[in-house]
Amino acid sequence: MSPNAESTAFRSALEVIRAVEPRVADAIGAELADQRESLKLIASENYASPATLLTMGNWFSDKYAEGTVGRRFYAGCQNVDTVEALAAEHARELFGATHAYVQPHSGIDANLVAFWAILADRVESPALKRAQARHVNDLTEADWFALRRELGDQRMLGMSLDAGGHLTHGFRPNISGKMFDQRSYGTDPATGLIDYDRVAEAAREFRPLILVAGYSAYPRKVNFRIMREIADSVGATFMVDMAHFAGLVAGKVFTGDFDPVPHAHIVTTTTHKSLRGPRGGMVLCGPELADQVDRGCPMVLGGPLPHVMAAKAVALAEARRPDFADYAQRIVDNAQALADGLLRRGATLVTGGTDNHLVLIDVSNYGLTGRQAEQALLDSGIVTNRNAVPQDPNGAWYTSGIRIGTPALTTRGLGTTEMDATAELIHTVLSQTTAGTGPDGAASKAKYVLDPAVAEQVGKQAADLLTPFPLYPTVDLA
Ligand SMILES: *Cc1c(COP(=O)(O)O)cnc(C)c1O
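Please read these numbers as outputs of a predicted model, since none were measured by experiment. (Residues numbered from 1 in each chain as written. Predicted model: local features only at pLDDT ≥ 70, side-chain atom pairs only at ≥ 80, totals over all residues. Heavy atoms only, no water.)

Student: Describe the packing of aromatic side chains, and please don't skip the residues or the numbers.
Tutor: Taken as a whole and assessed by the stated rule, the structure comprises eight aromatic pairs. With centroids separated by 6.0 Å and ring planes inclined at 20 degrees, the aromatic side chains of Phe224 and Phe245 adopt a geometry described as stacked. In this pair, Phe224 sits in helix α9 (residues 224–233) while Phe245 sits in the loop between β8 (237–241) and α10 (246–250), placing the two residues 21 residues apart along the sequence. Residues Phe224 and Phe245 agree in their burial class; the two are buried. Judged by centre distance (5.8 Å) and plane angle (50 degrees), the rings of Phe245 and Phe254 are tilted. Take Phe254: its relative accessible area is 2%, and that puts it in the buried class. An aromatic cluster of three or more residues is present, and its members are Tyr215, Tyr218, Phe224, Phe245 and Phe254. The side chain of Arg386 reaches across the aromatic face of Trp397, ending 4.5 Å from its centre. (Phe/Tyr/Trp six-rings, centres within 6.5 Å; stacked < 30°, edge-to-face > 60°. Helix = DSSP H or I, 4+ residues; strand = E, 2+ residues; numbered from the N terminus. Buried < 20%, exposed > 50% of the residue type's maximum accessible area, 1.4 Å probe, protein only. Lys NZ or Arg CZ within 6 Å of the ring centre and 35° of its normal.)

Student: Could you give an account of the UniProt feature "site: Plays an important role in substrate specificity" (unreviewed entry) in the protein, with specific residues and numbers?
Tutor: Under the feature "site: Plays an important role in substrate specificity" (unreviewed entry), the UniProt entry names His272. Mapped onto the fold, His272 is located in the loop between β9 (266–270) and β10 (281–285). Within polar-contact distance, the side chain of His272 engages the side chain of Arg279 at 3.4 Å. (UniProt positions renumbered as here; feature names shortened; annotations may be inferred. Polar contact = N/O pair within 3.5 Å; in protein donor to acceptor, adjacent residues only side chain to side chain.)

Student: Give me the site of the ligand: which residues, what numbers.
Tutor: Taken together, 13 residues lie around the ligand, and Gly107, Ile108, Asp241, His244 and Lys273 are the ones closest in. Separating an oxygen atom of the ligand from a backbone N or O atom of Ile108 is a distance of 2.8 Å. With respect to the ligand, the side chain of Lys273 contributes an N or O atom lying 2.8 Å from an oxygen atom. Bound to the protein, the ligand loses 86% of the 380 Å² it would expose on its own. Here the shell around the ligand gets three residues from one element, more than from any other, and that element is helix α5 (residues 107–130). For the shell around the ligand, the class distribution of residues is three nonpolar, eight polar and two charged. (Near = heavy atom within 4 Å. Areas by Shrake-Rupley, 256 points an atom, 1.4 Å probe, with all protein chains shown as cover. Nonpolar A, V, L, I, M, F, W, Y, C, P; charged D, E, K, R; others polar.)

Student: Tell me about the environment of Ile210, and please be specific about residues and values.
Tutor: For Ile210, the position within the fold is in strand β7 (residues 210–214). Each C-alpha atom, one on Ile210 and one on Asp195, is 18 Å from the other, the two residues being 15 residues apart in sequence. Discounting residues that sit within four places of it in the chain, Ile210 has contacts with Phe115, Ile118, Arg155, Met156, Leu157, Phe180, Ala236, Thr237 and Met239. (Contact = heavy atoms within 4.5 Å.)

Student: Explain the side chain of Asn174 to me, using residue names and the numbers behind them.
Tutor: Structurally, the position occupied by Asn174 is in the loop between β5 (154–159) and α7 (175–179). Residue Asn174 is classed as buried on the basis of its relative accessible area, which comes to 10%. Once residues lying within four places of it in the same chain are set aside, the contact partners of Asn174 are Ile108, Leu167 and Thr168.

Student: Explain the environment of Met56 to me, using residue names and the numbers behind them.
Tutor: Positionally, Met56 belongs in the loop between α3 (50–55) and β2 (67–68). Note on Met56: relative accessible area 24%, which makes it partly exposed. Leave out the neighbours within four places in its chain, and Met56 touches Pro278, His307, Val308 and Ala311.

Student: Could you give an account of the packing of helix α4 (residues 78–95) against helix α13 (residues 306–319), with specific residues and numbers?
Tutor: Where α4 meets α13, the closest approach of the two axes is 8 Å, and the angle between their N-to-C directions is 35 degrees. At the point where α4 passes α13, the crossing takes the left-handed sense. Where α4 abuts α13, its residues Val80, Val83, Glu84, Leu86, Ala87, His90, Ala91, Leu94 and Phe95 lie against Pro306, Met309, Ala310, Lys312, Ala313, Leu316, Ala317 and Ala319. (Axes fitted to C-alpha atoms, helices over the stretch in contact; angles between N-to-C directions. Left-handed = near helix turned anticlockwise from the far one by under 90°.)

Student: Outline the pattern of salt bridges, listing residues and values.
Tutor: Opposite charge on two side chains allows them to pair when their charged atoms are near. For the structure shown, the criterion picks out 18 salt bridges. A salt bridge links Arg320 to Glu93, with the shortest nitrogen-to-oxygen separation between them at 3.9 Å. Of this pair, Arg320 sits in the loop between α13 and α14 (322–344) while Glu93 sits in helix α4, and the two are 227 residues apart along the sequence. A salt bridge links Arg386 to Glu374; the shortest N-O distance between them is 2.9 Å. You can see Arg386 sitting in strand β14 (residues 385–387) and its partner Glu374 sitting in helix α15 (residues 370–379), a full twelve residues away along the chain. Judged by relative accessible area, Arg386 falls into the buried class, the value being 17%. For Glu374, a relative accessible area of 12% puts it in the buried group. (Salt bridge = Lys/Arg side-chain N within 4 Å of Asp/Glu carboxyl O.)

Student: Now, about the sheet that holds strand β6 (residues 180–185): what can you tell me, with residues and values included?
Tutor: Pairing in this open sheet of seven strands is mixed, and the strands run β4-β10-β9-β8-β7-β5-β6 from one edge to the other. Here the strands that pair on one side only, and so sit at the sheet edges, are β4 (99–101) and β6. Across the sheet, the mean angle from the axis of one strand to that of its neighbour is 20 degrees, orientation sign disregarded. With two bridges joining them, β5 and β7 adopt parallel strand pairing. Looking at the pairing, Met156 lines up with Ile210 of β7. Strand contacts of α5: β4, β5, β6, β7, β8, β9 and β10, with the helix running at about 165 degrees to β9, the strand carrying the most contacts. (Pairing = 2+ DSSP bridges.)

See below:
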């Protein structure tokens with residue numbers, strides 16, 4: 001490929017778009033410029049490859065492809081079949097799974113597919129059998145009424161939100177919380193780690209249909225072998241949502257007890273976080289749940305997005321190359337260098353460090369809320385997000401934590417030296433920021449004071465850190 005092929009592709013695309021709505025073309029160009037300039041530490045974001053991005057902008061977007069490969073409800077899906085089959089094959093090979101369903105549009109959608117596959121398998125199928133019916137349409141009104149009640153009366157045990165769990169694991173604001181009677185397990189207040197004995201105790205008391213593991217803000221590995229034993233001991237289906245750390249599983253940083261695929265009945269993920277693919281989701285499972293999972297569309301999903309499935313095939317092919325394993329290891333090396341750099345400068349970290357891609361800083365030691373810290377860092381050119389810490393006194397809106405992650409900066413090429421420099425910048429901003437006061441002189445959880453000269457100085461240093469590591473170096477829009 002000529003070094004200019006990617007520049008030419010994106011430039012031509014923008015020219016075509018500009019002829020219709022120049023403001024959109026301008027915004028796309030501005031987004032690249034913004035991403036190039038910011039020190040992005042958002043743990044859930046990454047930079048997909050030019051090949052992955054380009055795969056999404058074409059006529060696959062025009063296709064309806066309800067159904068599964070070779071069994072569509074629409075004619076003319078042979079090329080969609082090709083890319084969906086490829087994406088599924090790459091996913092199975094990459095993760096060592098028997099079955100892969102690549103249609104979910106996002107992580108939330110993948111979880112919904114998994115929940116309903118489990119409900120269909122564990123609740124609906126037995127009810128059909130009892131009624132000697134083959135299809136829900138064959139049930140009497142009374143049996144259907146009873147089944148609907150039963151589907152809505154199941155239990156889920158998942159990780160609590162403030163310990164790092166996800167809203168889609170049975171919390172009330174999400175539909176999963178309205179579907180399931182949910183209890184959660186937290187972490188040990190002393191160590192910040194999952195206490196498996198407590199999880200087992202909660203499972204024995206609550207007897208959930210589904211035990212969920214997975215997180216978006218827990219900086220440690222989870223032992224999925226132990227979690228599976230707990231699930232088995234109470235007859236629960238064990239589901240792992242690896243949305244955040246799928247890239248570390250793909251890159252074989254998480255193996256053995258820490259690889260969810262051999263231990264879970266069903267695994268869900270996003271494809272755009274550490275896995276570095278297009279925005280989307282995926283479900284992996286064994287043969288027992290495969291048929292139910294494949295009913296995801298139209299059960300809970302709208303029609304598949306063939307252009308995104310094609311991009312999943314490209315990104316998963318990239319993740320199967322040996323350099324992806326190097327990338328995954330560098331993500332963790334970088335997170336540990338960042339954690340060490342922060343600890344050495346006196347920061348407090350939840351669990352005292354990390355063994356994955358993310359670090360959770362407890363900013364209360366700096367006298368700040370998460371919201372104040374997040375804004376002060378943003379003023380200084382450092383993009384993070386605030387996040388609750390376990391037993392957070394400031395709740396889910398203001399919070400007491402800052403979550404930072406390394407998948408994006410690692411893609412850019414930054415290494416452990418730059419992570420130490422990043423720790424210095426973060427510590428400088430947080431230690432120089434003070435909590436502000438409201439109009440009545442009372443302490444504010446949102447207002448803060450940071451000398452603009454400090455913010456400017458740090459912003460310059462952050463930009464200097466990025467200069468040797470251009471983002472999308474093969475893409476020149478000028
Ligand atoms: C990000 C995330 C999701 C949701 O993914 P979307 O693609 O935004 O729907 C679900 N579960 C976990 C654990 C996540 O981190």
